[in-house]
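Structure at a glance
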Amino acid sequence: MDSFFLDFLNLEYFILTIVLVLSISFKIKTLQFLLIILHVIVIFLLNDVLFDPSYMGDQLRYLDGAKKIRFFQIPKDGIASSVGFSSFLFSIIPLPFIESVQSLSMINFIIYLFVYFILKHNKVFTNSSEIFYLIYPSLLLYSSVALREMFILIFMLMSVYQFLIKEKLIISVLWTLPLIFLKPQNFLMINMCSGLFFLISKGNLNKKIGIIFLGLIGLFFLKILILSRFTIPSGFGFLEVINNYRNYMYYENTGSYVEGYIPINNFSDFVFQGIWGFLYILLMPLPWEAENPLQLIQSIENIIIFIILISIIFKPISFKSLRNKANYLKMMMIVSMSIYGMVVFNFGSASRYRFSFIVVFLIFYNFLLKKNKRDLFLYNLSPVKNK
(Lines give C-alpha, C1' and ligand atoms only; values in the text may rest on other atoms or scores of the structure.)
Protein backbone atom coordinates (compact mmCIF):
# COMPACT_ATOMS: atom_id res chain seq x y z
CA MET A 1 0.00 0.00 0.00
CA ASP A 2 2.87 2.36 0.88
CA SER A 3 4.63 1.70 -2.44
CA PHE A 4 1.39 2.33 -4.35
CA PHE A 5 0.86 5.66 -2.56
CA LEU A 6 4.45 6.77 -3.12
CA ASP A 7 4.33 5.78 -6.79
CA PHE A 8 1.11 7.75 -7.09
CA LEU A 9 2.96 10.79 -5.73
CA ASN A 10 5.78 10.14 -8.21
CA LEU A 11 3.24 10.04 -11.02
CA GLU A 12 1.01 12.97 -10.08
CA TYR A 13 3.52 15.48 -8.75
CA PHE A 14 6.61 14.61 -10.77
CA ILE A 15 6.03 12.65 -13.99
CA LEU A 16 2.86 14.42 -15.13
CA THR A 17 4.32 17.79 -14.16
CA ILE A 18 7.38 17.14 -16.34
CA VAL A 19 5.17 15.99 -19.24
CA LEU A 20 2.99 19.10 -19.03
CA VAL A 21 5.85 21.58 -18.60
CA LEU A 22 7.89 20.17 -21.50
CA SER A 23 4.87 19.72 -23.75
CA ILE A 24 3.80 23.34 -23.24
CA SER A 25 7.38 24.64 -23.57
CA PHE A 26 7.92 22.83 -26.87
CA LYS A 27 4.36 23.37 -28.11
CA ILE A 28 3.79 19.68 -28.73
CA LYS A 29 0.98 18.78 -31.12
CA THR A 30 -2.09 17.03 -29.80
CA LEU A 31 -1.24 13.66 -31.37
CA GLN A 32 2.26 13.59 -29.89
CA PHE A 33 0.96 14.68 -26.50
CA LEU A 34 -1.67 11.92 -26.48
CA LEU A 35 0.94 9.32 -27.44
CA ILE A 36 3.12 10.46 -24.53
CA ILE A 37 0.18 10.23 -22.10
CA LEU A 38 -0.62 6.75 -23.47
CA HIS A 39 2.97 5.83 -22.74
CA VAL A 40 2.54 6.85 -19.09
CA ILE A 41 -0.52 4.61 -18.84
CA VAL A 42 1.39 1.65 -20.33
CA ILE A 43 3.87 1.78 -17.44
CA PHE A 44 1.10 0.60 -15.13
CA LEU A 45 -0.30 -2.03 -17.53
CA LEU A 46 2.84 -4.17 -17.82
CA ASN A 47 4.39 -5.21 -14.48
CA ASP A 48 1.89 -6.84 -12.10
CA VAL A 49 -0.83 -6.71 -14.80
CA LEU A 50 0.28 -8.34 -18.07
CA PHE A 51 3.17 -10.17 -16.43
CA ASP A 52 4.83 -10.66 -13.07
CA PRO A 53 7.98 -8.55 -12.44
CA SER A 54 9.95 -11.79 -12.07
CA TYR A 55 9.28 -12.49 -15.78
CA MET A 56 12.08 -9.99 -16.38
CA GLY A 57 14.07 -10.94 -13.31
CA ASP A 58 16.74 -8.25 -13.64
CA GLN A 59 14.09 -5.65 -12.73
CA LEU A 60 14.08 -6.87 -9.14
CA ARG A 61 17.89 -6.81 -8.97
CA TYR A 62 17.99 -3.20 -10.21
CA LEU A 63 15.26 -2.24 -7.75
CA ASP A 64 17.08 -3.80 -4.80
CA GLY A 65 20.38 -2.20 -5.82
CA ALA A 66 18.90 1.27 -6.39
CA LYS A 67 17.12 1.24 -3.02
CA LYS A 68 20.31 0.22 -1.23
CA ILE A 69 22.37 2.94 -2.91
CA ARG A 70 19.82 5.59 -1.94
CA PHE A 71 20.33 4.46 1.65
CA PHE A 72 24.12 4.72 1.17
CA GLN A 73 24.62 0.95 1.07
CA ILE A 74 26.64 -1.05 -1.47
CA PRO A 75 24.43 -3.31 -3.62
CA LYS A 76 25.01 -7.06 -3.65
CA ASP A 77 26.72 -7.00 -7.06
CA GLY A 78 28.94 -4.03 -6.20
CA ILE A 79 29.04 -0.81 -8.24
CA ALA A 80 31.44 -1.91 -11.02
CA SER A 81 29.19 -4.72 -12.25
CA SER A 82 26.53 -4.27 -14.92
CA VAL A 83 23.70 -4.64 -12.38
CA GLY A 84 25.45 -2.47 -9.78
CA PHE A 85 26.25 0.35 -12.21
CA SER A 86 22.71 0.27 -13.63
CA SER A 87 21.35 0.42 -10.08
CA PHE A 88 23.61 3.41 -9.39
CA LEU A 89 22.26 5.25 -12.46
CA PHE A 90 18.67 4.52 -11.41
CA SER A 91 19.41 5.79 -7.89
CA ILE A 92 20.77 9.19 -9.00
CA ILE A 93 17.82 10.08 -11.26
CA PRO A 94 15.84 12.56 -9.12
CA LEU A 95 12.59 10.65 -8.86
CA PRO A 96 11.38 11.36 -5.30
CA PHE A 97 10.67 7.75 -4.28
CA ILE A 98 12.03 4.39 -5.42
CA GLU A 99 9.70 1.77 -3.98
CA SER A 100 8.74 -0.64 -6.79
CA VAL A 101 9.57 -1.73 -10.33
CA GLN A 102 7.05 0.90 -11.45
CA SER A 103 9.30 3.52 -9.83
CA LEU A 104 12.22 2.41 -12.01
CA SER A 105 9.88 2.21 -15.00
CA MET A 106 9.01 5.88 -14.43
CA ILE A 107 12.72 6.69 -14.39
CA ASN A 108 13.07 4.98 -17.77
CA PHE A 109 10.13 7.02 -19.01
CA ILE A 110 11.88 10.21 -17.83
CA ILE A 111 14.95 9.22 -19.88
CA TYR A 112 12.71 8.43 -22.86
CA LEU A 113 10.97 11.79 -22.51
CA PHE A 114 14.16 13.83 -22.21
CA VAL A 115 15.71 12.05 -25.21
CA TYR A 116 12.59 12.93 -27.18
CA PHE A 117 12.78 16.62 -26.31
CA ILE A 118 16.57 16.78 -26.78
CA LEU A 119 16.25 15.35 -30.29
CA LYS A 120 13.31 17.63 -31.02
CA HIS A 121 15.12 20.73 -29.71
CA ASN A 122 18.19 19.96 -31.84
CA LYS A 123 16.01 19.38 -34.92
CA VAL A 124 17.23 15.80 -35.36
CA PHE A 125 13.72 14.42 -35.82
CA THR A 126 11.91 14.30 -39.12
CA ASN A 127 8.12 13.97 -39.07
CA SER A 128 8.39 10.23 -39.71
CA SER A 129 11.21 9.55 -37.22
CA GLU A 130 9.38 11.50 -34.50
CA ILE A 131 6.27 9.37 -34.90
CA PHE A 132 8.44 6.26 -35.08
CA TYR A 133 10.05 7.20 -31.76
CA LEU A 134 6.64 7.62 -30.15
CA ILE A 135 5.01 4.42 -31.45
CA TYR A 136 7.85 1.89 -31.91
CA PRO A 137 6.57 -1.05 -29.78
CA SER A 138 9.97 -2.28 -28.59
CA LEU A 139 10.95 1.21 -27.46
CA LEU A 140 7.57 1.57 -25.76
CA LEU A 141 8.18 -1.71 -23.93
CA TYR A 142 11.73 -1.09 -22.74
CA SER A 143 11.00 2.47 -21.64
CA SER A 144 8.04 1.20 -19.59
CA VAL A 145 9.77 -1.53 -17.58
CA ALA A 146 12.58 -1.48 -15.01
CA LEU A 147 15.49 -2.62 -17.20
CA ARG A 148 18.77 -0.88 -18.13
CA GLU A 149 18.00 -0.61 -21.87
CA MET A 150 17.11 3.10 -21.78
CA PHE A 151 20.48 3.96 -20.24
CA ILE A 152 22.17 2.02 -23.04
CA LEU A 153 20.06 3.79 -25.65
CA ILE A 154 20.70 7.34 -24.42
CA PHE A 155 24.48 6.85 -24.33
CA MET A 156 24.40 5.35 -27.83
CA LEU A 157 22.24 8.16 -29.20
CA MET A 158 24.39 10.89 -27.68
CA SER A 159 27.59 9.25 -28.89
CA VAL A 160 26.38 8.92 -32.48
CA TYR A 161 24.92 12.45 -32.35
CA GLN A 162 28.29 13.89 -31.33
CA PHE A 163 30.17 11.89 -33.94
CA LEU A 164 27.78 12.10 -36.89
CA ILE A 165 26.28 15.58 -36.53
CA LYS A 166 28.74 17.52 -34.35
CA GLU A 167 31.76 15.62 -35.79
CA LYS A 168 33.48 15.43 -32.40
CA LEU A 169 35.10 12.01 -32.05
CA ILE A 170 36.56 12.44 -28.56
CA ILE A 171 33.28 13.65 -27.06
CA SER A 172 31.54 10.78 -28.86
CA VAL A 173 33.90 8.27 -27.22
CA LEU A 174 33.34 9.89 -23.81
CA TRP A 175 29.58 9.37 -24.19
CA THR A 176 30.20 5.64 -24.73
CA LEU A 177 32.29 5.14 -21.57
CA PRO A 178 29.30 4.14 -19.38
CA LEU A 179 28.63 1.36 -21.91
CA ILE A 180 31.79 -0.36 -20.65
CA PHE A 181 29.76 -1.22 -17.55
CA LEU A 182 26.31 -1.40 -19.14
CA LYS A 183 26.96 -3.18 -22.46
CA PRO A 184 30.69 -3.47 -23.28
CA GLN A 185 30.06 -5.13 -26.65
CA ASN A 186 28.09 -2.05 -27.77
CA PHE A 187 30.97 0.15 -26.59
CA LEU A 188 33.38 -1.83 -28.76
CA MET A 189 31.16 -1.97 -31.84
CA ILE A 190 30.26 1.73 -31.84
CA ASN A 191 33.83 2.91 -31.30
CA MET A 192 35.24 0.42 -33.78
CA CYS A 193 32.90 1.79 -36.47
CA SER A 194 33.52 5.42 -35.47
CA GLY A 195 37.28 4.92 -35.37
CA LEU A 196 37.40 3.17 -38.74
CA PHE A 197 35.21 5.84 -40.34
CA PHE A 198 37.41 8.57 -38.86
CA LEU A 199 40.61 6.95 -40.17
CA ILE A 200 39.40 6.46 -43.76
CA SER A 201 37.88 9.94 -44.02
CA LYS A 202 39.86 13.02 -45.02
CA GLY A 203 41.62 14.86 -42.23
CA ASN A 204 44.84 15.75 -40.45
CA LEU A 205 47.30 12.80 -40.49
CA ASN A 206 48.92 13.70 -37.14
CA LYS A 207 45.49 13.83 -35.51
CA LYS A 208 44.72 10.36 -36.89
CA ILE A 209 48.00 8.97 -35.57
CA GLY A 210 47.18 10.42 -32.15
CA ILE A 211 43.73 8.84 -32.19
CA ILE A 212 45.23 5.46 -33.15
CA PHE A 213 47.69 5.72 -30.24
CA LEU A 214 44.94 6.57 -27.76
CA GLY A 215 42.77 3.79 -29.18
CA LEU A 216 45.51 1.17 -28.68
CA ILE A 217 46.01 2.30 -25.09
CA GLY A 218 42.25 2.09 -24.51
CA LEU A 219 42.06 -1.43 -25.97
CA PHE A 220 44.95 -2.55 -23.75
CA PHE A 221 43.14 -1.47 -20.59
CA LEU A 222 39.85 -2.97 -21.81
CA LYS A 223 41.60 -6.26 -22.42
CA ILE A 224 42.72 -6.56 -18.79
CA LEU A 225 39.57 -5.07 -17.25
CA ILE A 226 37.06 -7.75 -16.22
CA LEU A 227 33.65 -6.16 -15.82
CA SER A 228 31.25 -8.99 -16.72
CA ARG A 229 31.01 -12.24 -18.61
CA PHE A 230 30.99 -10.25 -21.86
CA THR A 231 34.45 -8.73 -21.32
CA ILE A 232 37.10 -9.83 -23.83
CA PRO A 233 38.62 -13.08 -22.47
CA SER A 234 42.38 -12.68 -22.07
CA GLY A 235 44.41 -14.64 -24.61
CA PHE A 236 41.47 -15.56 -26.85
CA GLY A 237 41.59 -15.07 -30.61
CA PHE A 238 38.70 -13.43 -32.45
CA LEU A 239 36.87 -16.63 -33.43
CA GLU A 240 37.39 -18.05 -29.94
CA VAL A 241 35.80 -14.93 -28.44
CA ILE A 242 32.78 -15.24 -30.77
CA ASN A 243 32.46 -18.97 -30.03
CA ASN A 244 32.78 -18.35 -26.29
CA TYR A 245 29.82 -15.95 -26.29
CA ARG A 246 27.90 -18.02 -28.85
CA ASN A 247 28.21 -21.18 -26.74
CA TYR A 248 27.25 -19.39 -23.52
CA MET A 249 24.18 -17.76 -25.10
CA TYR A 250 23.21 -21.14 -26.59
CA TYR A 251 23.43 -22.67 -23.11
CA GLU A 252 21.27 -19.89 -21.62
CA ASN A 253 18.58 -20.62 -24.23
CA THR A 254 18.71 -24.44 -24.33
CA GLY A 255 20.29 -25.55 -21.05
CA SER A 256 23.04 -27.44 -22.89
CA TYR A 257 26.50 -26.41 -24.07
CA VAL A 258 26.80 -29.37 -26.45
CA GLU A 259 23.51 -30.84 -27.66
CA GLY A 260 22.63 -29.26 -31.01
CA TYR A 261 25.34 -26.61 -30.76
CA ILE A 262 27.24 -25.81 -33.98
CA PRO A 263 30.48 -23.82 -33.44
CA ILE A 264 32.05 -21.43 -35.94
CA ASN A 265 35.08 -23.40 -37.11
CA ASN A 266 36.78 -21.19 -39.69
CA PHE A 267 36.60 -17.91 -41.59
CA SER A 268 34.11 -19.20 -44.19
CA ASP A 269 31.81 -20.32 -41.35
CA PHE A 270 32.21 -16.87 -39.82
CA VAL A 271 31.22 -15.12 -43.07
CA PHE A 272 28.20 -17.39 -43.63
CA GLN A 273 26.98 -17.15 -40.03
CA GLY A 274 27.53 -13.38 -40.11
CA ILE A 275 25.37 -12.91 -43.22
CA TRP A 276 22.68 -15.28 -41.99
CA GLY A 277 22.81 -13.84 -38.47
CA PHE A 278 22.44 -10.27 -39.77
CA LEU A 279 19.22 -11.16 -41.60
CA TYR A 280 17.83 -13.53 -39.00
CA ILE A 281 18.24 -11.35 -35.91
CA LEU A 282 16.34 -8.52 -37.62
CA LEU A 283 13.39 -10.88 -38.18
CA MET A 284 13.47 -13.36 -35.28
CA PRO A 285 11.09 -14.76 -34.32
CA LEU A 286 9.74 -15.58 -37.77
CA PRO A 287 5.92 -15.91 -37.82
CA TRP A 288 6.02 -19.73 -37.75
CA GLU A 289 8.47 -19.65 -34.81
CA ALA A 290 6.15 -17.60 -32.57
CA GLU A 291 4.97 -19.60 -29.57
CA ASN A 292 2.57 -17.05 -28.07
CA PRO A 293 0.64 -13.91 -29.08
CA LEU A 294 3.40 -11.59 -27.80
CA GLN A 295 5.99 -13.25 -30.02
CA LEU A 296 3.62 -13.09 -32.98
CA ILE A 297 3.19 -9.34 -32.44
CA GLN A 298 6.97 -9.05 -32.18
CA SER A 299 7.35 -10.95 -35.45
CA ILE A 300 4.94 -8.61 -37.25
CA GLU A 301 6.80 -5.61 -35.80
CA ASN A 302 10.11 -7.02 -37.07
CA ILE A 303 8.77 -7.51 -40.59
CA ILE A 304 7.47 -3.93 -40.70
CA ILE A 305 10.79 -2.56 -39.39
CA PHE A 306 12.70 -4.68 -41.92
CA ILE A 307 10.60 -3.26 -44.77
CA ILE A 308 11.20 0.29 -43.47
CA LEU A 309 14.96 -0.34 -43.31
CA ILE A 310 15.04 -1.67 -46.87
CA SER A 311 12.92 1.21 -48.16
CA ILE A 312 15.14 3.99 -46.78
CA ILE A 313 18.64 2.58 -47.41
CA PHE A 314 18.05 2.67 -51.18
CA LYS A 315 16.94 6.29 -51.23
CA PRO A 316 19.51 8.36 -53.16
CA ILE A 317 21.79 10.76 -51.29
CA SER A 318 23.33 13.40 -53.53
CA PHE A 319 26.18 14.75 -51.40
CA LYS A 320 29.30 12.69 -50.77
CA SER A 321 29.74 13.84 -47.15
CA LEU A 322 26.19 12.74 -46.33
CA ARG A 323 26.62 9.47 -48.26
CA ASN A 324 29.71 8.72 -46.18
CA LYS A 325 27.78 9.35 -42.96
CA ALA A 326 24.97 7.12 -44.22
CA ASN A 327 27.56 4.42 -44.93
CA TYR A 328 28.82 4.79 -41.35
CA LEU A 329 25.31 4.04 -40.05
CA LYS A 330 25.02 1.09 -42.43
CA MET A 331 28.38 -0.24 -41.25
CA MET A 332 27.30 0.04 -37.61
CA MET A 333 24.09 -1.88 -38.33
CA ILE A 334 25.88 -4.58 -40.33
CA VAL A 335 28.58 -5.08 -37.69
CA SER A 336 26.21 -5.09 -34.71
CA MET A 337 23.48 -7.24 -36.22
CA SER A 338 25.97 -9.71 -37.73
CA ILE A 339 27.79 -10.22 -34.43
CA TYR A 340 24.62 -10.42 -32.36
CA GLY A 341 23.08 -12.66 -35.01
CA MET A 342 25.94 -15.12 -34.53
CA VAL A 343 25.70 -15.34 -30.74
CA VAL A 344 22.04 -14.74 -29.78
CA PHE A 345 19.51 -17.60 -29.81
CA ASN A 346 16.80 -16.31 -27.46
CA PHE A 347 13.95 -14.23 -28.95
CA GLY A 348 13.74 -11.92 -25.94
CA SER A 349 17.49 -11.29 -25.90
CA ALA A 350 17.44 -10.58 -29.64
CA SER A 351 14.75 -7.95 -29.12
CA ARG A 352 16.73 -6.23 -26.36
CA TYR A 353 19.99 -6.25 -28.31
CA ARG A 354 18.69 -5.01 -31.67
CA PHE A 355 16.16 -2.35 -30.66
CA SER A 356 18.72 0.28 -29.59
CA PHE A 357 20.65 -0.03 -32.86
CA ILE A 358 17.41 0.18 -34.86
CA VAL A 359 16.37 3.36 -33.02
CA VAL A 360 19.79 4.96 -33.57
CA PHE A 361 19.88 3.95 -37.24
CA LEU A 362 16.38 5.08 -38.19
CA ILE A 363 16.55 8.41 -36.36
CA PHE A 364 19.91 9.48 -37.79
CA TYR A 365 19.42 8.00 -41.27
CA ASN A 366 16.17 9.92 -41.61
CA PHE A 367 18.01 13.03 -40.42
CA LEU A 368 20.59 12.56 -43.20
CA LEU A 369 17.84 12.11 -45.79
CA LYS A 370 16.15 15.31 -44.57
CA LYS A 371 19.45 17.22 -44.67
CA ASN A 372 20.19 15.89 -48.16
CA LYS A 373 16.79 17.06 -49.40
CA ARG A 374 17.24 20.50 -47.86
CA ASP A 375 20.83 20.92 -49.12
CA LEU A 376 19.83 19.76 -52.61
CA PHE A 377 17.03 22.33 -52.69
CA LEU A 378 19.44 25.11 -51.63
CA TYR A 379 22.03 23.94 -54.17
CA ASN A 380 19.50 24.06 -56.99
CA LEU A 381 18.65 27.64 -55.99
CA SER A 382 22.27 28.78 -55.76
CA PRO A 383 23.74 31.16 -58.40
CA VAL A 384 26.58 28.70 -59.08
CA LYS A 385 24.13 26.01 -60.10
CA ASN A 386 22.19 28.34 -62.37
CA LYS A 387 25.17 29.78 -64.27
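Above this text you will find the structure in question.
Residues numbered from 1 in each chain as written. Predicted model: local features only at pLDDT ≥ 70, side-chain atom pairs only at ≥ 80, totals over all residues. Heavy atoms only, no water.

Considering the overall build of the chain
Helix and strand counts for the chain come out as 18 helices and zero strands. For the chain, with 387 residues in total, the buried portion stands at 50%. Restricting to contacts in the chain with at least 6 residues of sequence separation, those with at least 24 account for 70%. (Helix = DSSP H or I, 4+ residues; strand = E, 2+ residues; numbered from the N terminus. Buried < 20%, exposed > 50% of the residue type's maximum accessible area, 1.4 Å probe, protein only. Contact = heavy atoms within 4.5 Å.)

Observations regarding the packing of helix α14 (residues 267–283) against helix α17 (residues 347–381)
Packing of α14 against α17 brings their axes to within 9 Å, and their N-to-C directions diverge by 95°. Relative to α17, the element α14 is oriented roughly perpendicular. Listed contacts from α17 to Tyr280, Ile281 and Leu282 of α14 are Phe347, Ala350, Arg354 and Ile358. Within the contact of α14 with α17, the residues separate by chemical class into six nonpolar, no polar and one charged. (Axes fitted to C-alpha atoms, helices over the stretch in contact; angles between N-to-C directions. Parallel < 35°, antiparallel > 145°, perpendicular 65-115°, else oblique. Nonpolar A, V, L, I, M, F, W, Y, C, P; charged D, E, K, R; others polar.)

Points about unusual backbone geometry
Residue proline 285 is reached from methionine 284 by a cis peptide bond, and omega for that bond is 0°. Note on placement: proline 285 falls in the loop between α14 and α15 (293–313). Positioned with a positive phi, phenylalanine 72 is a non-glycine residue whose angle comes to about 60°. Take phenylalanine 72: it is sitting in the loop between α3 (58–70) and α4 (82–92).

Here's the deal with a nonpolar patch on the surface
Residues Leu38, Ile41, Leu45, Val49 and Leu50 make up a contiguous nonpolar surface patch of about 480 Å² in total accessible area. Given the relative accessible area of 42%, leucine 45 is considered partly exposed. (Patch = residues over 30% accessible without salt bridge, like charges linked within 9 Å, V, L, I, M, F, W, Y side chains within 5 Å. Areas by Shrake-Rupley, 256 points an atom, 1.4 Å probe, with all protein chains shown as cover. Salt bridge = Lys/Arg side-chain N within 4 Å of Asp/Glu carboxyl O.)

Details of the pattern of salt bridges
On inspection of all chains with the given rule, the structure shows seven salt bridges. We note a salt bridge from glutamate 130 to lysine 120, for which the minimum N-O separation is 3.0 Å. Of this pair, glutamate 130 sits in helix α6 (residues 127–135) while lysine 120 sits in helix α5 (residues 101–121); the two residues are 10 residues apart in sequence, bridging distant segments of the chain. Exposure remark for glutamate 130: the relative accessible area of 5% places this residue in the buried category. Owing to a relative accessible area of 26%, lysine 120 belongs among the partly exposed residues under this scheme. Taking the shortest distance from any N to any O, the salt bridge between aspartate 375 and arginine 374 comes out at 3.5 Å. Owing to a relative accessible area of 46%, arginine 374 belongs among the partly exposed residues under this scheme. Through salt bridges that share partners, Lys371, Arg374 and Asp375 make up one connected network.

Points about the packing of aromatic side chains
All told, the structure shown has 24 aromatic pairs when counted by the stated rule. Ring centres 6.0 Å apart and planes at 20° place the aromatic pair tyrosine 116 and tyrosine 133 in the stacked group. Placement of the pair is tyrosine 116 in helix α5 and tyrosine 133 in helix α6, with a sequence separation of 17 residues. Each member of the aromatic cluster is reached from another via a ring pair, and the members are Phe26, Phe109, Tyr112, Tyr116, Phe117, Phe125 and Tyr133. (Phe/Tyr/Trp six-rings, centres within 6.5 Å; stacked < 30°, edge-to-face > 60°.)

Looking at the environment of aspartate 52
Relative to the elements of secondary structure, aspartate 52 occurs in the loop between α2 (30–43) and α3. Only 2.5 Å separates the side chain of aspartate 52 from the side chain of serine 54, close enough to count as a polar contact. (Polar contact = N/O pair within 3.5 Å; in protein donor to acceptor, adjacent residues only side chain to side chain.)

What to know about the side chain of serine 143
Inspection of the secondary structure puts serine 143 in the loop between α7 (137–142) and α8 (149–165). Within the structure, the side chain of serine 143 is placed 3.4 Å from the backbone oxygen of leucine 140, a separation counted as a polar contact. The residues contacting serine 143, other than those within four sequence positions of it, are His39, Ser105, Asn108, Phe109, Tyr112 and Met150.

Things to note about the nonpolar core
Ranked by internal contacts, the top residues of the largest apolar core, which has 115 residues, are Ile15, Tyr328 and Leu329. Ranked by residue count, the leading element in this core is α17, at 16 residues. When near neighbours in sequence (up to four residues on either side) are disregarded, leucine 329 contacts Val160, Leu164, Phe361, Phe364, Tyr365 and Leu368. (Core = buried A, V, L, I, M, F, W, Y, C linked by side-chain atoms within 4.5 Å.)

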